[in-house]
Amino acid sequence: MLDNDLKKVNIAQKSLIKLSNDERKQCLINIKNSILENSDYIINENLKDIENARGLNLKESLIERLTLNEKRINALALAIDSLIELEDVVFVPIEEIKRPNGLVILKERVPFGTICAIFESRPNVSVDIATLCLKTANACVLKGGKEAIFTNIALVNIMRNAIKDIVDPNCIFLIESTSREVTNELIVKKEYIDLLIPRGGKNLIQYIVSNAKVPYIETGAGNCHLYIHEDANIKMAIDIAINAKYQRPSVCNSIENIIVHEKIAQDFLKELYDKFSKLNIEMLGCKRTMSIINCKEASEEDFYTEYNDYKVSIKIVDSIDEAISHINEHSSKHSEAIVCEDENIYTKFMNEIDSACVYHNASTRFTDGGEFGFGAEIGISTQKLHARGPMGLKEICSYKYKIFGNGQVR
């Protein structure tokens, strides 16, 4: 059954390649309009998922991540608008090489083909991935978690109906089964799937890494750090810490750890404690942190943990080198930030931290395809091949060479 479905997706991708850029653009326009026209239906289906989530006693931060309301649906539409306005990147030349023998070699960007995304509770992901894939002539196979099944079905049906008069709607395909068995079968189908993108927590990523035969990109796991250097502007540091931890703690670009230089620890941590306590953010700390603020002790495991919640681990260090070493040891290679005024120090930090995105005097919450000007993202890669950081249009393409001659032989 799965093989038959994947064959249909591959056939649909071939029809997608034949569309003009204007026709693919019209697909996106139709999807945006249909999502806005059906917002009440989407919200009602989403409420079913929220009700089920509360029945399963999911954390409120995860329910917040699951929720689609009118504001978020409008944001989805705006993201599609941004994508529509971006230049087309597929089937365009990247480089031209002229050889002494007269051969002209054209390097051209092309679709990957069929991209499979396995994701957890955020239903907006299905729209982000489908629209990015349409823009680049890739087909997509979507497998969401059970937490968002009603919402995902609604969104995918809306998108498929919106494009059916232009292209084979199987280029957007949702696997409605949420079972692990289907996932096991899906991630080895390298004859049908060109690229696998898991978007979720640490357990999902590790499972894919251990079991997939389809080429994959590790995305999503976000054990992110904020380092406060001794010369930091404390007000700026507090504002960044609040934004990076409190604004939306369930997402992968929120911070889970705060590292503080010992020379600023007294002043910074006392003010942080006052602000975080009022926001009901739980603080865990090393023994030196515990001597300054009233908090529980953080275990070594805590410093490796992505909480996705109103919770943070704090460590005091004696030097920039100790901060860099600690972060590189415990990070998931997603996003890290330094608050600092000394150019030599923040340059050292940004050069030596081995993560996809490194910030100076700014919140890690900007690690996002939309915030980077990509329109949306298919995921945030924490690996180095073939893409790193937020993956937009170019990152979900491959390339090929077209060679033009006039009878040359070797």
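Criteria and cut-off values
All chains use their own residue numbering, which begins from 1 and follows the written sequence. Local features in this predicted model are restricted to residues of pLDDT 70 or higher, and side-chain atom pairs are both shown and tallied only at a pLDDT of 80 or more, whereas totals for entire chains, interfaces and linings draw on every residue. Derived side-chain values reflect all non-hydrogen atoms in the structure, with water molecules and hydrogen atoms excluded from consideration. Only DSSP runs of H or I reaching four residues or more are called helices, and only runs of E reaching two or more are called strands; each is numbered from the N terminus. To sort residues, take the accessible area from a 1.4 Å probe on protein chains only and compare it with the maximum for the residue type: under 20% means buried, over 50% means exposed, and anything in between is partly exposed. Contacts between residues were defined by any pair of non-hydrogen atoms, one from each residue, lying within 4.5 Å. The criterion for strand pairing is that DSSP finds at least two bridges linking the strands in question. Look down the strands so they point away from you; if going from the first strand over the helix to the second traces a clockwise path, that crossover is right-handed. Basic side-chain nitrogens of Lys or Arg form a salt bridge, by our definition, when they fall within 4 Å of a carboxyl oxygen of Asp or Glu. Classification of ring pairs uses Phe, Tyr and Trp, with its six-membered ring standing for Trp, and accepts pairs whose centres are within 6.5 Å; under 30 degrees between planes counts as stacked, over 60 as edge-to-face, and the remaining range as tilted. As a reminder, the over-ring test applies to NZ of lysine and CZ of arginine, requiring each to be within 6 Å of the ring centre and within 35 degrees of the ring normal.

Caption draft 1: Fine view of unusual backbone geometry. Cis geometry is adopted by the peptide bond preceding H386, which originates at L385 and carries an omega value of -15°. With respect to the helices, strands and loops of the structure, H386 is situated in the loop between β14 (380–381) and β15 (389–390). The phi dihedral of A137 falls on the positive side, at around 65°, and the residue is not glycine. Locating A137 in the fold gives a position in the loop between α6 (124–135) and β4 (139–143). A137 gets classed as buried once you look at its relative accessible area, which sits at 0%. The backbone of K333 shows a phi angle near 70°, a positive value even though the residue is not glycine. Looking at the secondary structure, you find K333 in the loop between α13 (320–330) and β12 (335–339). On the accessibility criterion, K333 (22% relative accessible area) is partly exposed.

Caption draft 2: Structural context of the environment of G369. Relative to the helices and strands, G369 is located in the loop between β13 (357–360) and β14. A residue is classified by how much of its surface remains accessible, and G369, at 0% relative accessible area, is buried. When the C-alpha positions of G369 and D309 are compared, they lie 22 Å apart, and in sequence the two are 60 residues distant. Those residues in contact with G369 that sit more than four places away from it in its chain are F374, G375, A376, E377 and P390.

Caption draft 3: Just the pairing of β4, in detail. With respect to burial, β4 is a largely interior element, five of its five residues being buried. Residues A139, V141 and K143 of β4 are buried on one face, and the alternating residues C140 and L142, pointing to the opposite face, are buried as well. With five bridges connecting them, strand β3 (residues 114–119) and β4 associate as parallel partners. Looking across to β4, one finds that T114 is bridged to A139. A crossover connection joins β3 to the parallel β4 through α6; in handedness this β-α-β unit is right-handed. As paired elements, β4 and strand β5 (residues 172–174) share three bridges and run parallel to each other. Following the sheet pairing, V141 is matched in β5 by F173. Once the chain exits β4 it traverses helix α7 (residues 149–163) before rejoining the sheet at β5, and the crossover so formed is right-handed.

Caption draft 4: Quick peek at the environment of L226. Along the chain, L226 turns up in strand β7 (residues 224–228). Sequence separation between L226 and S335 is 109 residues, and the spatial gap between their C-alpha atoms is 9.0 Å. The contacts of L226, once residues within four sequence positions are left out, are A237, I240, A241, I255, N257, I258, I259, A337 and V339.

Caption draft 5: Seen up close, the pattern of salt bridges. For the coordinates displayed, the defined rule picks out 21 salt bridges. Residue E60 is joined to R54 by a salt bridge in which the shortest nitrogen-to-oxygen separation is 2.6 Å. R54 sits in the partly exposed class, given a relative accessible area of 44%. Among the ionic pairs, E352 bridges to K348, the shortest N-O distance being 3.0 Å. Of this pair, E352 and K348 both sit in helix α14 (residues 343–352), four residues apart, roughly one helical turn. With relative accessibility at 23%, the residue K348 sits in the partly exposed group. Where salt bridges share partners, they join E64, R72 and R248 into one cluster.

Caption draft 6: Main features of the packing of aromatic side chains. One pass over the structure, following the stated rule, counts four aromatic pairs. An angle of 15° between the planes, with centres 6.0 Å apart, marks the rings of Y227 and F349 as stacked. In this pair, Y227 is assigned in strand β7 and F349 in helix α14, connecting sequence segments 122 residues apart. For the residue pair Y227 and F349, the accessibility class agrees, reading buried in each case. Between Y246 and Y310, the aromatic rings sit 5.5 Å apart at their centres with planes inclined by 50°, giving tilted as the arrangement. Note that Y246 is positioned in helix α10 (residues 234–246) and Y310 in the loop between β10 (296–297) and β11 (311–317), a separation of 64 residues in sequence. On the accessibility criterion, Y246 (32% relative accessible area) is partly exposed. Above the ring of Y399, the side-chain terminus of K107 is found at 4.2 Å from the ring centroid. The ring centre of Y207 lies 4.2 Å from the NZ or CZ of R180, which sits over that ring.

Shape descriptors only; they carry no functional weight alone.
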